[in-house]
Amino acid sequence: LNAFGEELMVHNANAAITYACVATGAQITDFTAAPVYTTEQSKGHHQWLIEFAKMPSSLEAFTEALDSQLQHENSDYEAKRYNDIFLAAPEVVVAKNGIFDTWLGMTGKRGGQRKVPRLCNDRKIMNQLLDLNK
């Protein structure tokens, strides 16, 4: 994910998700993340759609742990997040149970070797998933 020059890699995301789960007692089934671009009303940020097998003790604490660990894992992300000057805190959206499997089935990508893209530089997949999540 490099929409803002943050160069976030999948291993950074996986490590941060794992950290946030341990910190808040959460368990996840699947996730994806995409940028929300800067507008006149808001700063750019990352939007994470996460399907939880077990909800965290606090979604706010989960989001804070995710953000802090992403900064720890990736100095480019940390630089972009510094004092919220360029990149705002991430947003976590709770996904309905089974949404990722539903999306994989709808796109003909369901099967053992098919996976949900973890990090996307555009909103195409995220918007499809958010439509299903309504």
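Below is a short write-up of the structure.

1. Examining the overall build of the chain
Move 1: From N to C terminus, the chain includes five helices and three strands.
Move 2: Start at the N end of the chain and walk to the C end: the helices and strands fall as α-β-β-α-α-β-α-α.
Move 3: Against the compact-globule benchmark of 14 Å for 134 residues, the chain has a radius of gyration of 14 Å, which places it among compact chains.
Move 4: By principal-axis analysis of the C-alpha atoms, the chain measures approximately 40 × 30 × 25 Å.
Move 5: The buried share of the chain, reckoned over its 134 residues, is 44%.
Move 6: Across the chain, the fraction of contacts at a sequence separation of at least 24, relative to all contacts at a separation of at least 6, is 73%.
Move 7: In the structure as shown, the chain presents an accessible area of about 7200 Å², 49% of it carried by carbon and sulfur atoms.
Move 8: With 13 positive and 16 negative side-chain charges, the chain shows a separation of 9 Å between the mean positions of the two kinds.

2. Regarding helix α4 (residues 99-106)
Move 1: Regarding α4, the residues found buried are I99, F100, W103 and L104. Angularly, the buried residues of α4 cover 135° about the axis, an arc narrow enough to put them on a single face.
Move 2: Tucked into the core, α4 has its buried residues touching β1 (27-36), β2 (45-54) and α5 (124-132).
Move 3: Looking one or two residues beyond α4, the residue adopting positive phi is G108, at roughly 70°.

3. Examining the state of the cysteines
Disulfide: a covalent bond connecting the sulfur atoms of a pair of cysteines.
Move 1: Under the definition given, this model contains zero disulfides.
Move 2: Take C120: it sits in no disulfide, and the sulfur closest to it among the cysteines is that of C21, at 19 Å.
Move 3: A relative accessible area of 9% means that C120 is categorised as buried.

4. Observations regarding the nonpolar core
Move 1: Counting 22 residues, the largest nonpolar core has I17, W48, I50, F62, L66, L70 and L119 as its most contacted members.
Move 2: Looking at this core, the elements with two or more residues in it are α1 (10-24), β1, β2 and α2 (59-73).
Move 3: Those residues within four positions of I17 in sequence are excluded, and the remaining contacts are I28, F31, W48, I50, F62 and L66.

5. Structural notes on the sheet that holds β2
Move 1: Strand order in the open sheet formed by three strands is β1-β2-β3, and the pairing between neighbours is mixed. Unpaired on one side and paired on the other, β1 and β3 (91-94) mark the two borders of the sheet. Going across the sheet, the axis of each strand differs from the next one's by a mean of 25°, ignoring polarity.
Move 2: Note that β1 and β2 share nine bridges and pair antiparallel. Pairing of T32 across the sheet is with L49, part of β2.
Move 3: Its contacts with the sheet put α1 on β1 and β2, and the angle it makes with β1 is roughly 130°.

Basis of the calculations
Residues numbered from 1 in each chain as written. Predicted model: local features only at pLDDT ≥ 70, side-chain atom pairs only at ≥ 80, totals over all residues. Heavy atoms only, no water. Helix = DSSP H or I, 4+ residues; strand = E, 2+ residues; numbered from the N terminus. Rg over C-alpha atoms; globule rule 2.2 N^0.38 Å. Buried < 20%, exposed > 50% of the residue type's maximum accessible area, 1.4 Å probe, protein only. Contact = heavy atoms within 4.5 Å. Areas by Shrake-Rupley, 256 points an atom, 1.4 Å probe, with all protein chains shown as cover. Lys, Arg positive; Asp, Glu negative; His and termini not counted. Charge placed at Lys NZ, Arg CZ, Asp CG, Glu CD. Arc of directions from axis to C-beta. Disulfide = S-S within 2.5 Å. Core = buried A, V, L, I, M, F, W, Y, C linked by side-chain atoms within 4.5 Å. Pairing = 2+ DSSP bridges. Axes fitted to C-alpha atoms, helices over the stretch in contact; angles between N-to-C directions.

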